Amino acid sequence: MNLQIKPILSALRRHKAGTILIALQIALTLAIVCNALFIVHQRVDRVNRTTGMDESNVIAVLNRYVGKPDSFIPLTQTDVAALRNIPGVESAYSTNAYPLRQGGWSTGMQIDPNKTKDSVPSALYFVDEQALKTLGVKLIAGRNFNPSEVVTVGPQSTPAPPQVIITKAIADKLFPGVSALGKTIYYAKGKPSTVIGIVEKLTVPWVEWDHMDNVTLMPVRFDSGYQQFLIRTKPGQQDAVFKAIPGALFKVSRMRVLPEKYGLRTFETVRAKAYEADRGMAILMSIVCAVLLAITAAGIVGLSSFWVGQRRKQIGVRRALGARRSDILSYFMTENFLIALGGAVVGTALALGLSQWMLTHFEMPRVSVTYVGVGVVLLLALGQAAVFAPALRASKVSPVEATRSV
């Protein structure tokens, strides 16, 4: 191979335009594909994030009451009782939000009642004694709420019940190195809340938040005409319960609206909707990568085939002088490798530069060097695969045929 490099470089200097164009195509493909695949990997990781819930056999209901009664609490409690009485239902409760809902409440909390800055953010879920069972979260310390601990809160109130359950992420942040059980947290000035339980993990309603595992469960009945119900069904009963829910709720009262699109959803649907944009971006980036790689491969095949046609005389002379078919094949493979290697060097610099630009302008993580390395290997392998067929055809040119073609 070493003996071939010098004449190959000499030949490439005589075909500067084609060589530079293919090398630049490889460089641009490498830069874009590395960053695109890195984005795809990030999006796939986001889509596969766990919520801390047992997401199977869970149904979410969005309910809007019609009318303005003095309080919506009696209606809500009657609805919850009706849902719990549906055959196949294990547990149910009303809430303001749940993981991946893409809407909810958040607030800051302090352990110092006189401190007003540097609060720790937390999403708030209003729940009752059946919430832990319905969510399927793991209580790793303390206890569940009692029915007598559930208090009523209106839309304009600041919720700060005497007891709360927090996630381990919050416990570790507020009370590092010590148990958070029995400790006091302030969600509102002058209203202490005692930590009675800690759950292993539970995520916030939003997929875009810096504190994904900061969640507080509050024993609260939310007095609002806009209610969410979460229902856990027995295994194998989800479809039957799903069909029975509208009838059970409208039997209680027809003064309500269950929106057609978001009224009833299985949690699989909730998850799919929450990560719809991430999934779309991953698919789009994958298609872009596939198209770029295909175009690059086609470019290499086209240019190599063109060069083989141009060099039939040269090939024939080499064969007449004793060159073997393997020598001709090796010549074109080596030539392509050198072009691809040059493109890979430029492409590596472009990939890192593009990553830095996205970091600066869009706060995206910097592309991993591993992706760049894999991209280089992929492009070199693609180049060798693409040039193999034209190189094989060149190796089959006989000395006589090549001489007659002059």
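Numbering of residues starts from 1 in each chain and follows the order in which that chain's sequence is written. Reporting of local features is limited, given that this is a predicted model, to residues whose pLDDT is at least 70; pairs of side-chain atoms are given and counted only at 80 or more, and all residues count toward the totals for whole chains, interfaces and linings. Just so you know, side-chain values use all the structure's heavy atoms and leave hydrogens and water out.

Undergrad: Before we move on, could you go through unusual backbone geometry and cite the residues and values that matter?
TA: In this structure, Asn-57 is a non-glycine residue whose phi angle is positive, near 60 degrees. We count a stretch as a helix when DSSP gives it H or I for four or more residues in a row; a strand needs E for two or more, and each element gets its number in order from the N terminus. Looking at the element boundaries, Asn-57 is found in the loop between helix 2 (16-47) and strand 1 (58-65). Its relative accessible area of 19% is what places Asn-57 among the buried residues. Phi at Gln-102 is positive, roughly 70 degrees, even though this residue is not glycine. Think of it in three bands: with a 1.4 Å probe and only protein chains considered, a residue is buried below 20% of the maximum accessible area for its type, exposed above 50%, and partly exposed in between.

Undergrad: Summarise the packing of aromatic side chains; cite the residues concerned and give the values.
TA: Aromatic rings from Phe, Tyr and Trp, with only the six-membered ring used for Trp, were paired whenever their centres fell within 6.5 Å, and each pair was classed as stacked if the ring planes differed by under 30 degrees, edge-to-face if by over 60, and tilted otherwise. Following the criterion strictly, the structure yields 9 aromatic pairs and no others. Where Trp-105 meets Phe-222, the ring centres are 5.2 Å apart and the plane angle is 80 degrees; that geometry is what we call edge-to-face. Placement of the pair is Trp-105 in strand 3 (residues 105-109) and Phe-222 in strand 10 (residues 215-222), with a sequence separation of 117 residues. The partly exposed category is assigned to Trp-105, whose relative accessible area is 24%. An aromatic cluster of three or more residues is present, and its members are Trp-105, Phe-126 and Phe-222.

Undergrad: Any chance you could break down a nonpolar patch on the surface for me, citing the residues and the numbers?
TA: On the surface, Ile-20, Leu-24, Leu-28, Ile-32, Phe-337, Leu-341, Val-345, Val-346 and Leu-350 cluster together into a nonpolar patch covering about 740 Å² of accessible area. Only helix 2 and helix 10 (325-362) provide two or more residues apiece to the nonpolar patch. Looking at the nonpolar patch element by element, the count peaks at 5 residues for helix 10. Under the relative-accessibility criterion, Leu-28 is labelled partly exposed at 49%. A patch is a set of surface residues, each over 30% in relative accessible area and not in a salt bridge, joined within 9 Å for like charges and within 5 Å for the nonpolar side chains Val, Leu, Ile, Met, Phe, Trp and Tyr. Areas reported as accessible are Shrake-Rupley estimates using a 1.4 Å probe. Residue values count occlusion only from the protein chains shown. We count a salt bridge whenever a side-chain nitrogen from Lys or Arg sits within 4 Å of a carboxyl oxygen from Asp or Glu.

Undergrad: Can you explain the environment of Thr-296? Please cite residues and give values.
TA: Tracing the backbone shows Thr-296 in helix 8 (residues 276-310). Between the alpha carbons of Thr-296 and Leu-379 there is a distance of 9.0 Å; along the sequence they are 83 residues apart. Between two residues, a contact is recorded if the distance between any of their heavy atoms is within 4.5 Å. Leaving out residues up to four positions away in the same chain, Thr-296 has contacts with Gln-25, Ile-26, Thr-29, Leu-379 and Leu-382.

Undergrad: Report on the nonpolar core, specifying residues and quantitative values.
TA: To define a nonpolar core, start from buried Ala, Val, Leu, Ile, Met, Phe, Trp, Tyr and Cys residues and group those joined through side-chain atoms within 4.5 Å. If you look at the biggest cluster of nonpolar residues, it comprises 45 residues, and the most contacted ones within it are Ile-315 and Phe-332. Every element with two or more residues in this core is listed here: helix 1 (2-14), helix 2, helix 8, helix 10 and helix 11 (369-395). Sequence-distant contacts of Phe-332, defined by excluding residues within four places in its chain, comprise Val-308, Arg-311, Ile-315, Val-387, Ala-391 and Ala-394. Counting residues in hydrophobic clusters, the runner-up holds 31 residues, among them Ala-97, Val-199, Trp-206 and Val-207.

Undergrad: Could you give an account of helix 9 (residues 312-320), with specific residues and numbers?
TA: Residues Ile-315, Gly-316 and Arg-319 constitute the buried set of helix 9. For helix 9, the angular spread of buried residues about the axis comes to 100 degrees, placing them on one side. Away from its buried face, by an angle of more than 90 degrees, helix 9 presents the exposed residues Lys-313 and Ala-320. Positive backbone phi, approximately 110 degrees, marks Gly-322, located one or two places after helix 9. The arc in question is formed by the directions pointing from the helix axis toward the C-beta atoms.

Undergrad: Describe the state of the cysteines, and please don't skip the residues or the numbers.
TA: The disulfide criterion is simple: two cysteine sulfur atoms within 2.5 Å. Within the structure shown, the criterion is met by 0 disulfides. With no disulfide of its own, Cys-34 lies closest to Cys-289 among cysteine sulfurs, the gap being 8.9 Å. Cys-34 sits in the buried class, given a relative accessible area of 1%. By relative accessible area, which is 4% here, Cys-289 ends up buried.

Undergrad: Can you tell me about the packing of helix 2 against helix 11, naming the residues and giving the values?
TA: In a packed pair of helices, the relevant descriptors are the angle between the two axes and the axis-to-axis distance. Helix axes use the C-alpha atoms of the stretch in contact, all axes being lines fitted to C-alpha atoms, and the angles between their N-to-C directions lie in the range 0 to 180 degrees. Packing of helix 2 against helix 11 brings their axes to within 9 Å, and their N-to-C directions diverge by 130 degrees. Of the possible angle classes, the one that applies to helix 2 and helix 11 is oblique. Seen along the crossing, helix 2 lies across helix 11 with a hand that is right-handed. Residues Ile-26, Thr-29, Leu-30, Cys-34, Leu-37, Phe-38 and His-41 of helix 2 form the contact with helix 11, whose participating residues are Tyr-371, Val-372, Gly-375, Val-376 and Leu-379. For the contact of helix 2 with helix 11, the class distribution of residues is 9 nonpolar, 3 polar and no charged. To sort the angles, those under 35 degrees are grouped as roughly parallel, those over 145 as roughly antiparallel, those from 65 to 115 as roughly perpendicular, and the leftovers as oblique. Should the near helix be turned counterclockwise from the far one by less than a right angle, the crossing is left-handed, whereas a clockwise turn marks it as right-handed. Under this grouping Gly is polar, as are all residues other than the nonpolar Ala, Val, Leu, Ile, Met, Phe, Trp, Tyr, Cys and Pro and the charged Asp, Glu, Lys and Arg.

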